[in-house]
Amino acid sequence: MAQPDHLTPGDKELGRALLSVARQAIAERLGAATTAPPAHTALAAPGACFVTLTQHGELRGCVGSLEARRSLIADVREHALGAAFRDSRFAPLTVGELPITRVEVSLLTSQAALTFENEADLLAQLRPGVDGLVLRYGEQSSTFLPQVWETLSEPRDFLAQLKRKAGLPANFWHPDIHVARYTVTKWKESGKESAEAEAP
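This text gives an overview of the structure that appears in the document. Residue numbers here run from 1 along each chain, matching the order of that chain's written sequence. Owing to the predicted nature of the model, reporting of local features is limited to residues with pLDDT of at least 70; listing and counting of side-chain atom pairs is limited to 80 or more, with chain, interface and lining totals taken over all residues. The side-chain quantities take in all heavy atoms of the structure and omit both hydrogens and water.

1. Overview of the overall build of the chain
Going by this rule: Note on conventions: DSSP H or I runs of at least 4 residues are helices, E runs of at least 2 residues are strands, and numbering of each starts at the N terminus. Our radius of gyration is a C-alpha quantity, and the globule rule it is checked against amounts to 2.2 Å times the number of residues to the power 0.38. Each residue is assigned to one of three classes by its accessible area relative to the maximum for its type, calculated with a 1.4 Å probe on protein chains only: buried under 20%, partly exposed between the two thresholds, exposed over 50%. Any two residues whose heavy atoms approach within 4.5 Å at even a single point are treated as in contact. All accessible-area figures derive from a Shrake-Rupley calculation using a 1.4 Å probe, and residue coverage is judged against the displayed protein chains alone. Residues scored as charged are limited to Lys and Arg (positive) and Asp and Glu (negative), so that His and the chain ends carry no count. The location of each charge is read from NZ of Lys, CZ of Arg, CG of Asp or CD of Glu.
In terms of helices and strands, the chain carries 4 helices and 9 strands. N-terminal to C-terminal, the α/β element order of the chain is α-β-β-α-β-β-α-β-β-α-β-β-β. Relative to the globule expectation of 16 Å for 200 residues, the C-alpha radius of gyration of the chain, 17 Å, shows essentially globular dimensions. Looking at the chain as a whole, 47% of its 200 residues are labelled buried. In the chain, of all internal contacts separated by at least 6 residues, the share reaching a separation of at least 24 is 68%. Total accessible area on the chain is roughly 10,000 Å²; 52% of this is exposed by carbon and sulfur atoms. In the chain, 21 positive and 24 negative side-chain charges are present, and the distance between their average locations comes to 5 Å.

2. Observations concerning the state of the cysteines
Operational definition: Cysteine sulfur atoms are paired as a disulfide whenever they fall within 2.5 Å.
On inspection of all chains with the given rule, the structure shows 0 disulfides. Of the cysteine sulfurs around Cys62, a residue in no disulfide, the closest is that of Cys49, at 9.9 Å.

3. Some thoughts on the packing of aromatic side chains
What counts is decided by this rule: Aromatic rings from Phe, Tyr and Trp, with only the six-membered ring used for Trp, were paired whenever their centres fell within 6.5 Å, and each pair was classed as stacked if the ring planes differed by under 30 degrees, edge-to-face if by over 60, and tilted otherwise.
This model, assessed by the stated rule, comprises 4 aromatic pairs. Among the aromatic residues, ring-to-ring pairing joins Phe144, Trp149 and Phe158 into one connected group.

4. Concerning the nonpolar core
So the rule is basically this: Throughout this description, the term nonpolar core refers to a set of buried Ala, Val, Leu, Ile, Met, Phe, Trp, Tyr and Cys residues connected via side-chain atoms within 4.5 Å.
Counting residues in hydrophobic clusters, the biggest one holds 27 residues, and the most contacted among them are Leu14, Leu18, Ile26, Val51, Val76 and Val105. Counting residues per element, the ones that place at least two in this core are helix H1 (12-30), strand S1 (49-55), helix H2 (72-85) and strand S3 (101-108). Ranked by residue count, the leading element in this core is H1, at 9 residues. When residues no more than four places from it in sequence are discounted, the contact partners of Leu18 are Leu43, Leu72, Val76, Val105 and Trp187. The next biggest cluster of nonpolar side chains, apart from the first, holds 18 residues, and it includes Phe158, Ala166, Leu168 and Phe172.

5. Here we look at the sheet that holds strand S4 (residues 112-113)
We apply this condition: We call two strands paired when DSSP finds no fewer than two bridges between them.
Strand order in this open sheet of 4 strands is S4-S7-S5-S6, and the pairing throughout is antiparallel. Edge positions in the sheet fall to S4 and strand S6 (140-144), since each has one partner strand and no second. Sheet topology note: the strand S5 (residues 132-137)/S6 ladder contains 5 bridges and is antiparallel. In the sheet register, Leu133 faces S6, and the bridge partner there is Phe144.

Right under this line is the structure:
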């Protein structure tokens, strides 16, 4: 399902609502004090998001969905809990960690499939810092949010690690590889909201 236009991803009020919904879901599960998130009409619309947790700038959990299949508020809540308690790379979050944990919500656009002749052609089409990618080959798949460009700034490195994440060799190539891109608008608990470029 495509991302509905009326979600107005650059909306600062929406960002505040999404961050509040995510933090409230985690705090409630930990039995910590919470405040009700602000209302926003877009929360009831279908939406797809990723919730990322960091501590002192280091990743503490990240879970999300690529397609809008339920209300945005339900998607954010589920992925906030997933990032905090079900990311297999980390131990479940504890109540003592909550004050030092920062929440980031990335609202995804719909995916746009890329057409390419070979790997070099694909690499030439990538937009560092802008594109999130979904790679699929048979039953194997993986995705990187645009934020991953901050640590993998070269398209070749970005694609190689994306293939590894899918369980493929970094130098793997096959004509049946499928790649789609999307962009995100992101908000982070730092007092400032920022937006990435939207997909064409």
